[in-house]
Amino acid sequence: PLCNMLIATGPAILPALIEAADRHALRYSGGILALAEVLNKIGNASALPLLGKLLNLALRTDEGAIPDHLRESFFDGASNEFHPLSRDKVIHGLIYAIHETGGPAGLHVLRQLANRIRSGEFDSPGEETMTLLARILVEEPAGSHFTSEGLPAGGADVGGLAEPAVSLEEELSGRAVFGDK
């Protein structure tokens, strides 16, 4: 109900929502997934810096360090069951929101993420996330270039994921999306 209320209020409350969430984005939790869904449904690129920050937080979370009694679960309406909340599920939701709301800057963030996973800086979030990320990056139109145009004020560093921009053609020439051919 709370998420539906926030979505219905939409852009009118977005600045306050982003400010409040940014102040409290210090701890990994299921709230990150809920917030990603709300921001995605509101659909405004001004949420990209917060989504990037949350993505960085989730990527740096060691799921194995979370005690069993503190692990969260989520309700899956499709199966009508509760499932353990995984880092893969949270990061998948963030990537989906970044892709849907971020425009060129969002695609730039996802390209940076793929490069950093490939370099070993971040562990693979999981199969669900890697499948989505690969699909997004492969479907990107040929010749699409990520430049400073369309990036958030202050440059390409969105949520601590800064890296030089490259074109998809340069990225894929001679290499698969997540490694060498």
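Residues numbered from 1 in each chain as written. Predicted model: local features only at pLDDT ≥ 70, side-chain atom pairs only at ≥ 80, totals over all residues. Heavy atoms only, no water.

A short note on the packing of helix H3 (residues 30–42) against helix H4 (residues 48–59)
What counts here: Only the contacting stretch of a helix is used when fitting its axis, a line to C-alpha atoms as for every element, and angles between N-to-C directions run 0 to 180 degrees. Only DSSP runs of H or I reaching four residues or more are called helices, and only runs of E reaching two or more are called strands; each is numbered from the N terminus. When an angle is under 35 degrees it counts as roughly parallel; over 145 it counts as roughly antiparallel; between 65 and 115 it counts as roughly perpendicular; any other value is oblique. Helix crossings get a hand from a simple test, with the near helix turned counterclockwise from the far one by less than a right angle marking a left-handed crossing and a clockwise turn marking a right-handed one. The contact criterion used throughout is that any non-hydrogen atoms of two residues lie within 4.5 Å. For this scheme, ten residues count as nonpolar: Ala, Val, Leu, Ile, Met, Phe, Trp, Tyr, Cys and Pro. Four count as charged, namely Asp, Glu, Lys and Arg, and the remainder, Gly too, count as polar.
Running from N to C, H3 and H4 point in directions that differ by 155 degrees, and their axes come no closer than 11 Å. In terms of orientation, H3 and H4 fall into the roughly antiparallel class. Handedness of the H3/H4 crossing: left-handed. Only Leu50, Leu51, Leu54 and Leu57 of H4 make contact with H3, whose side of the interface consists of Ile32, Leu35, Ala36 and Leu39. Looking at the contact of H3 with H4 residue by residue, the class counts come to eight nonpolar, no polar and no charged.

Observations concerning the environment of isoleucine 91
Put simply, the test is: Here the term buried applies to any residue with accessible area under 20% of the maximum for its type, exposed to any over 50%, and partly exposed to those in between, with areas from a 1.4 Å probe on protein chains only.
Note that isoleucine 91 resides in helix H5 (residues 87–101). Look at isoleucine 91 and you get buried, because its relative accessible area is 0%. Residues isoleucine 91 and alanine 58, spaced 33 residues apart in sequence, show a C-alpha to C-alpha distance of 6.5 Å. Look past the residues within four positions of isoleucine 91 in its chain and what remains in contact with it is Leu55, Ala58, Leu59, Pro125 and Thr129.

Here's the deal with the packing of H5 against helix H6 (residues 103–118)
The description of two helices packed together rests on the angle between their axes and the distance between the axes. Packing of H5 against H6 brings their axes to within 6 Å, and their N-to-C directions diverge by 145 degrees. Contacts between H5 and H6 involve Ile95, Ile98, His99 and Thr101 from the first element and Gly103, Gly106, Leu107, Val109, Leu110 and Leu113 from the second. Here the contact of H5 with H6 is composed, by residue class, of six nonpolar, four polar and no charged.

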